[in-house]
Amino acid sequence: MKSGLLCAAITAVSCAWAAPAVIEPGAVWLDTQGRPINAHGGGLLHDRGIYYWYGEVKQGRTYLPKVNQAWGGTRVIAGGISCYSSADLGAWKNEGIVLPSVADDPDHDLACENVIERPKVIYNARTKKFVMWFHQDSPNYAAARSGVAVSDLPTGPFTYVGSFRPNAGKRPLNGTERNVADGSNEALVRDLSGGQMARDMTLFADDDGKAYHFYASEDNQTMHVSELSDDYLQPAGRYARIFVGRFMEAPAVFKRGGKYYLIASGCTGWEPNAARSAVADNILGPWTELGNPCRGAGAELTFSGQSTYVLPIAGQPGRFVAIFDQWNKWDLEDSRYVWLPLTLDNDGQPLIEWQSRWTLSPGR
Ligand code: GAL
């Protein structure tokens, strides 16, 4: 009797507090059906108590296309964008492919021979739509475009809107001055009429309802931060050049105490490099670099990972998870996930320390 009462008490407690998720960076992570989670270069969304994880489906044989032989960019057939859902950040239910690739039309933007990478989804309160942006590209990464899709539900299906090079015909807020002497804005000027190159990317939805698109541009030399239209479906036309000539990619942005922070990587394809971090008072810049936020063994190569997202834990201000991909360039489907706590020290320096096993409570 006594023990029965005790059990009931324990059950009640565990209902009120979801069990913390056990995170093992770099291990094979299984979904609730026991299959490896396939959601690379991903981004998360928190909506009504549920976390949604969107990512690239990398499936099948990894190959080195002829067009990429010079730079060694291996590929798999693009499998579209997957979605997983979880209340506790530990048990992930496969919600299926929410934006499929196209198998029978090689001219389609979403053709499986093409590149569909780094999806990010944000919610637009005005239109009540979930809006997805991703990196859309040709097999040799020469097209460098942004793809957009929308859905009424976080679990899709997403309707493909189209792709474009952002900010065609628009001049940036900074950096068009005649400094071509050092060549730093040649690619920008070249692409002013046709639209700017856009490869690795993220979205950031600010608390005033405005949203921003960060993308590696100008032949990957310089990043742009570009305000989105009110419906989040296109650029609003105001954009700034940041980290000029720094070859930064894999951007992930978060906000804390009124300041904007960015985690990113250098530009070495699937090979890891030292992470970068930066801070700004204004999202359009200027941004100040803060160096590699990683600490401890393996920090100089970002624990063999590359950033893709920073997740704020719902209802726990100041708690963040830094999310990286550990790419396996010869078997891309077997690329792994590295999630680690991200803290800000008293000087506002982002810090990420390696832990081989830790627990994460999901917040509410
Ligand atoms: C990386 C990029 C990845 C993918 C890869 C292809 O630099 O961050 O998203 O595009 O190159 O080699």
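None of the values given here were measured: they were computed from a predicted structure.

(A) Highlighting the overall build of the chain. From N to C terminus, the chain includes two helices and 23 strands. Expected size for 364 residues packed as a compact globule is a radius of gyration near 21 Å; at 20 Å, the chain falls within 12% of this value. Counting only C-alpha atoms and orienting by the principal axes, one finds that the chain spans roughly 85 × 50 × 45 Å. In the chain, buried positions account for 52% of the 364 residues. Working note: accessible area of the chain is about 15,900 Å², and carbon and sulfur atoms make up 53% of it. Taking the 34 positively charged and 39 negatively charged side chains of the chain as two groups, their mean positions are separated by 3 Å.

(B) Inspection of the nonpolar core at higher detail. Judged by nonpolar contacts, the single largest core of 38 residues is most densely connected at Leu44, Trp53, Leu89, Trp92, Leu311, Trp339 and Ile352. Mapped onto this core, the elements with two or more residues apiece are strand 1 (21-23), strand 3 (50-63), strand 14 (249-256), strand 15 (259-265), strand 19 (306-312), strand 20 (320-326), strand 21 (336-344) and strand 23 (358-360). Ignoring anything within four residues of it in the chain, the contact list for Leu311 reads Leu44, Tyr51, Leu89, Arg319, Phe320, Val321 and Ile323. Grouped together as the second largest cluster of nonpolar side chains are 18 residues, Phe204, Tyr212, Ile242 and Tyr260 included.

(C) The arrangement of the pairing of strand 5 (residues 93-99) in detail. Relative to strand 5, strand 4 (residues 75-86) runs antiparallel, the two being bridged by four bridges. Its bridge partner being in strand 5, Tyr84 is matched across the sheet by Asn94. Hairpin connection of strand 4 to strand 5: six residues between the antiparallel strands, including Leu89 at a positive phi of 65°.

(D) Spotlight on the pairing of strand 10 (residues 201-205). Of all five residues in strand 10, four are buried; the element is thus mostly enclosed. Between strand 10 and strand 11 (residues 211-217), which follow one another and run antiparallel, lie five residues, and Gly209 among them has a positive phi close to 90°.

(E) Structural context of the site of the ligand. In the vicinity of the ligand, the contacting residues are Trp71, Glu117, Arg118, Tyr141, Asp200, Glu249, Gly269, Trp270 and Gln306. Residue Gln306 places a side-chain N or O atom 2.9 Å away from an oxygen atom belonging to the ligand. Of the residues in the shell around the ligand, the class split is three nonpolar, two polar and four charged.

(F) Highlighting the pattern of salt bridges. In this structure the tally under the stated criterion is 20 salt bridges. The salt bridge involving Glu95 is made with Lys93; its shortest N-O contact spans 3.7 Å. Classification of Glu95 by relative accessible area gives partly exposed; the value is 26%. It is possible to trace a salt-bridge network through shared partners that takes in Arg165, Arg190, Asp191 and Asp219.

(G) A look at the side chain of Asn68. Mapping Asn68 onto the fold places it in the loop between strand 3 and strand 4. A polar contact of 2.8 Å, which involves the side chain of Asn68, links it to the backbone oxygen of Gly73.

(H) Expanded view of the environment of Gly257. Inspection of the secondary structure assignment puts Gly257 in the loop between strand 14 and strand 15. Remark: the alpha-carbon pair of Gly257 and Ala168, spanning 89 residues in sequence, is separated by 34 Å.

(I) Up close: the sheet that holds strand 10. Overall, antiparallel pairing links the four strands, which are arranged 10-11-12-13 in an open sheet. Only two strands of the sheet have a single partner each, and these edge strands are strand 10 and strand 13 (235-242). Looking at each pair of strands side by side, their axes are set apart by 25° on average, direction ignored. Looking at chain direction, strand 10 and strand 11 are connected through five bridges and run antiparallel. Across the sheet, Leu203 pairs through a bridge with His213, a residue of strand 11.

Reading the values: rules and limits
- Residues numbered from 1 in each chain as written.
- Predicted model: local features only at pLDDT ≥ 70, side-chain atom pairs only at ≥ 80, totals over all residues.
- Heavy atoms only, no water.
- Helix = DSSP H or I, 4+ residues; strand = E, 2+ residues; numbered from the N terminus.
- Rg over C-alpha atoms; globule rule 2.2 N^0.38 Å.
- Buried < 20%, exposed > 50% of the residue type's maximum accessible area, 1.4 Å probe, protein only.
- Areas by Shrake-Rupley, 256 points an atom, 1.4 Å probe, with all protein chains shown as cover.
- Lys, Arg positive; Asp, Glu negative; His and termini not counted.
- Charge placed at Lys NZ, Arg CZ, Asp CG, Glu CD.
- Core = buried A, V, L, I, M, F, W, Y, C linked by side-chain atoms within 4.5 Å.
- Contact = heavy atoms within 4.5 Å.
- Pairing = 2+ DSSP bridges.
- Near = heavy atom within 4 Å.
- Polar contact = N/O pair within 3.5 Å; in protein donor to acceptor, adjacent residues only side chain to side chain.
- Nonpolar A, V, L, I, M, F, W, Y, C, P; charged D, E, K, R; others polar.
- Salt bridge = Lys/Arg side-chain N within 4 Å of Asp/Glu carboxyl O.
- Axes fitted to C-alpha atoms, helices over the stretch in contact; angles between N-to-C directions.

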